[in-house]
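Working through the structure, step by step
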Amino acid sequence: MKTLVLFSGGLDSSLAISLLLEQGLEVEAANFVTPFCACQKKGGCGVAASAAKFKIKLHTFNVAEAYLPILKNPKYGYGSHMNPCLDCRILMFKKAKVFLGEIGASFITTGEVLGQRPMSQHLKAMQMIERDSALEGLILRPLSAKILPETIPEKNGWVNREKLLSISGRSRKEQIEYAAQKNIIDYPCPAGGCLLTDPGFSKRLKDLFKYEPNWTLRDISLLKLGRHFRLSPQVKLIVGRCEEENKKIESFKTEEDLIMEVLNFSGPISLLKGLGKDLYIPVSAGITLRYSDAPKNESVDVYIKNGEITKNIVASSIEDTQVKNYII
């Protein structure tokens, strides 16, 4: 019997795989990639390496295009920030359901724990997700199986319910103890991570939705980089925080954007975008200088590039009190 596990590379989904492999099931894993995995900022979740340790086949699905319309108008709303957890889970389960037939799997397994996440992992939400994804009875949650309604895999004897677990609640103490017993170590995302649950990122996203209704995936990608400043309803400045971010920000430049960089001093690369941005070149140069190594009480040359046109202007760093008026 084969199952498809929704695999994040984290602790809970790793334990779910271990429990099923112990029962002799054939396991394949599906990893769904959105633009909002917090672990991507840290170099990735190591999903492929984790799957290789279990010697299971990994399938990766980029669901960004399908995810973004849901993010803008989720049927079941947001969590505490900009996280549409219920709609997100339904999307992934629907994608997984279609894939079941392609690999000859009979049911889906997840590492979900009853009561762990307030929006999507209580019983009513789990049942609603199953209903909306047309997978009622076909989603096995091994970590909480013994305190959840019996699933089709258990009823049919494909899985031994007595060898599953009865974990609940937000603490991961039981999972960590069980992982140690099974020598499951080096799980890079022990508590998962989604940028949409981050207050700072959510604030930027709300600003984007409010002022830039025609946003694109490029705009979403830029939200993850640098410091962001709203200069007017149409104009925004993004200032890099390190060399890596500087390179990424510059790579997202379009012909309409301006790039700024302080001459003769180490500092950020800034991207100025939006209709009427030329009016905000002085303040943008001042903000760019504020985060550079240039003297704060002197006028300094700032390099500006617009397509193939380049020029220098002389600017001074703006005061911290002014910065607070613009920062998102």
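Figured I'd write up the structure that's included with this text. (Residues numbered from 1 in each chain as written. Predicted model: local features only at pLDDT ≥ 70, side-chain atom pairs only at ≥ 80, totals over all residues. Heavy atoms only, no water.)

**Section: the packing of aromatic side chains**
One pass over the full model with this rule turns up seven aromatic pairs. Through successive ring pairs, a cluster of aromatic residues spans Phe32, Phe61 and Phe99. Lying over the aromatic face of Phe209, Lys72 brings its terminal NZ or CZ to 5.3 Å of the ring centre. Note that Arg290 overlies the ring of Tyr291, its terminal NZ or CZ placed 4.8 Å from the centroid. (Phe/Tyr/Trp six-rings, centres within 6.5 Å; stacked < 30°, edge-to-face > 60°. Lys NZ or Arg CZ within 6 Å of the ring centre and 35° of its normal.)

**Regarding the side chain of Thr110**
The topology assignment puts Thr110 in the loop between strand E4 (107–109) and helix H5 (123–132). Here the side chain of Thr110 touches Glu112 through a polar contact of 2.8 Å, side chain to side chain. Residue contacts for Thr110: discarding those within four places in its chain leaves Leu6, Ala16, Arg89, Phe93, Ile139, Leu140, Arg141 and Pro142. (Helix = DSSP H or I, 4+ residues; strand = E, 2+ residues; numbered from the N terminus. Polar contact = N/O pair within 3.5 Å; in protein donor to acceptor, adjacent residues only side chain to side chain. Contact = heavy atoms within 4.5 Å.)

**Considering the pattern of salt bridges**
Think of it this way: side chains of opposite charge can pair up when their charged atoms draw near. Taken as a whole and assessed by the stated rule, the structure comprises 20 salt bridges. Within the structure, one salt-bridge network assembled from shared partners comprises Asp207, Glu212, Arg218, Asp219, Arg230, Asp257 and Lys273. (Salt bridge = Lys/Arg side-chain N within 4 Å of Asp/Glu carboxyl O.)

**Some remarks on the sheet that holds strand E10 (residues 300–306)**
The strand order E6-E7-E9-E8-E10-E11 describes an open sheet built from six strands, whose pairing is antiparallel. If you trace the sheet from one side to the other, it starts and ends with strand E6 (227–230) and strand E11 (309–315), each paired once. Averaged over all pairs of adjacent strands, the angle between strand axes in this sheet comes to 20°, irrespective of strand direction. Inspection of the sheet shows strand E8 (residues 258–262) paired to strand E9 (residues 269–273) by four bridges, in the antiparallel sense. Bridging from a neighbouring strand, Leu258 pairs with Leu272 of E9. Across the sheet, helix H10 (residues 243–251) is in contact with strand E7 (236–239), E8 and E9; its angle to E9 comes to roughly 30°. (Pairing = 2+ DSSP bridges. Axes fitted to C-alpha atoms, helices over the stretch in contact; angles between N-to-C directions.)

**A word on helix H8 (residues 199–211)**
Over its 13 residues, H8 extends 19 Å from the first C-alpha to the last, a length consistent with the 18 Å expected when each residue adds 1.5 Å. Packed against the buried residues of H8 are helix H3 (64–72), helix H9 (217–223), E6 and E7. The N-cap residue of H8 is Asp198: its side-chain oxygen and the backbone nitrogen of Gly200 are 3.1 Å apart. (Expected span 1.5 Å × (residues − 1).)

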